[in-house]
Amino acid sequence: MTRAGRKVAGLVILSYLPYPSRCGLSRRIDGIKEVLETFLDKIVVICPSFGSPIREDPRIDLIKIPVSLDGGSIASRFLVLLLYSLLGLAKTVRYAASGYLIQYESIFSALPALLTKVFLRKTVIGDDLSLLYTRSSFLSSILYMAEAVSAKSTDHCITASTKALPFLKRFSKNPLYIQNGVKVSESGEEHMRDETTLLFVGALTFDQNRIAINKIFKISSFLASIRPEASIIVVGGPETLAAPLRNHELAKAGRMRFLGEVSDDELKRIYSRAFIGLLPFFSDTPNRGGARIKALEYFAHGLLVVSGTEGVVGIGGLRAGEHFLAAASVEEMCSILERCLTDPESYYTIARAGKERVSVSCSWKTVTKDYVKLVKYLLEKSDLKIATWSTS
């Protein structure tokens, strides 16, 4: 496998969730690919396809799985992950044998990568590792052991969570903290924004997003009585979960709009028109991983961010009242939103400051510098020549 007389420098990424999608993991893979494509010849993502149409894309190696991870029992989800792992193993071995570096996303994608390491003695990178054992009292001991063994077996462990870093330092020789980043782009002009539009983005398959939406129903009900012109847009699928929400009385009245999955171009248009980005995450929805991708995208697109106590955790350097508006409860969030909708001009300064802060400190190019150095080191160690060695 050569290109102009040299071996192809490639990376295979294992994702247990479909790619591309609206979830945070998919956005992290996007960011990783964005920086690596400047010097790698090829990056391939091995991911499942849960009954959705198969599209031809040489950058995505799909594993057709007849059932989804969503809504099933723990046993059925385990079987789905096992099926993904077994089918993914053959693909991973093939890429590794061709000289590709191996990287898995989350412990749920680890098994094919770690078995390939055993079979072919390949170096493995584990990314987006978090402390799953803290989330389930029932499975805590089992998950703790699984995460410890996985960390010990993985050559380079990467996390976006400061909470997971001490655990990885205990069990891994080479832990690395790479926070979540965001693609920096031009945001809509302020005069083009609809100052009555609030936005929430999040996959409905994640329990924290579903809890947040229940809070958004309360917010919408409050605003309906005092700011009837205000509306809340919710972006996120799958359609099977978005469709029933459209039957809610607030949706039928036009107070809330559940758009389901939208294209990237449509999401950019929505970002450019919306005024407020909602993060109704409090103590019942703690941030156990890295910075929420939705929060970073709100900031990067110039929205006025209104957050609960757990909404912007993991984004360094932010100050409430300067870069975003903070609420300790849903009731306080409602009061803040009322003020914002009554006098929107007074809050654009905060939105601009938040965008500037995140754009400077959280671009993918900025946050992945150490990760890029690691990948280049591993390529050099494997005697794979890369397209450019520029570190700019």
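Here, every reference points to the structure presented above.
Quick caveat, the model's predicted, so the values are computed rather than measured.

(A) Representation of the pattern of salt bridges in the model. Applying the stated criterion across every chain yields a total of 13 salt bridges. Its salt-bridge partner being Arg27, residue Asp30 comes within 3.8 Å of it at the nearest N-O pair. On the criterion of helical spacing, the pair formed by Asp30 and Arg27 is a turn pair, its members being three residues apart in helix α1 (residues 24–36). For Arg27, a relative accessible area of 12% corresponds to the buried category. Between Arg27 and Asp264 there is a salt bridge whose closest N-O contact spans 3.4 Å. Of the two residues, Arg27 sits in helix α1 while Asp264 sits in helix α9 (residues 264–273), which places them 237 residues apart along the sequence. On the basis of relative accessibility, which here comes to 42%, the residue Asp264 falls in the partly exposed class. Each of the salt bridges in this network shares a partner with another, and the network as a whole consists of Arg27, Asp30, Asp264 and Glu297.

(B) Main features of helix α14 (residues 369–381). Under the 1.5 Å per step criterion, the end-to-end length of α14 is 18 Å for 13 residues, consistent within 8% with the ideal 18 Å. For α14, the complete set of buried residues consists of Tyr371, Val372, Leu374, Val375, Lys376, Leu378 and Leu379. Check the buried side of α14 and you find it contacts β3 (10–15), α1, β6 (101–105), β7 (124–127), β8 (156–159) and β9 (175–177). Taken from the residues just after α14, Asp383 is the one with a positive phi, measuring 65 degrees.

So, how was this worked out
- Residues numbered from 1 in each chain as written.
- Predicted model: local features only at pLDDT ≥ 70, side-chain atom pairs only at ≥ 80, totals over all residues.
- Heavy atoms only, no water.
- Salt bridge = Lys/Arg side-chain N within 4 Å of Asp/Glu carboxyl O.
- Helix = DSSP H or I, 4+ residues; strand = E, 2+ residues; numbered from the N terminus.
- Buried < 20%, exposed > 50% of the residue type's maximum accessible area, 1.4 Å probe, protein only.
- Expected span 1.5 Å × (residues − 1).
- Contact = heavy atoms within 4.5 Å.

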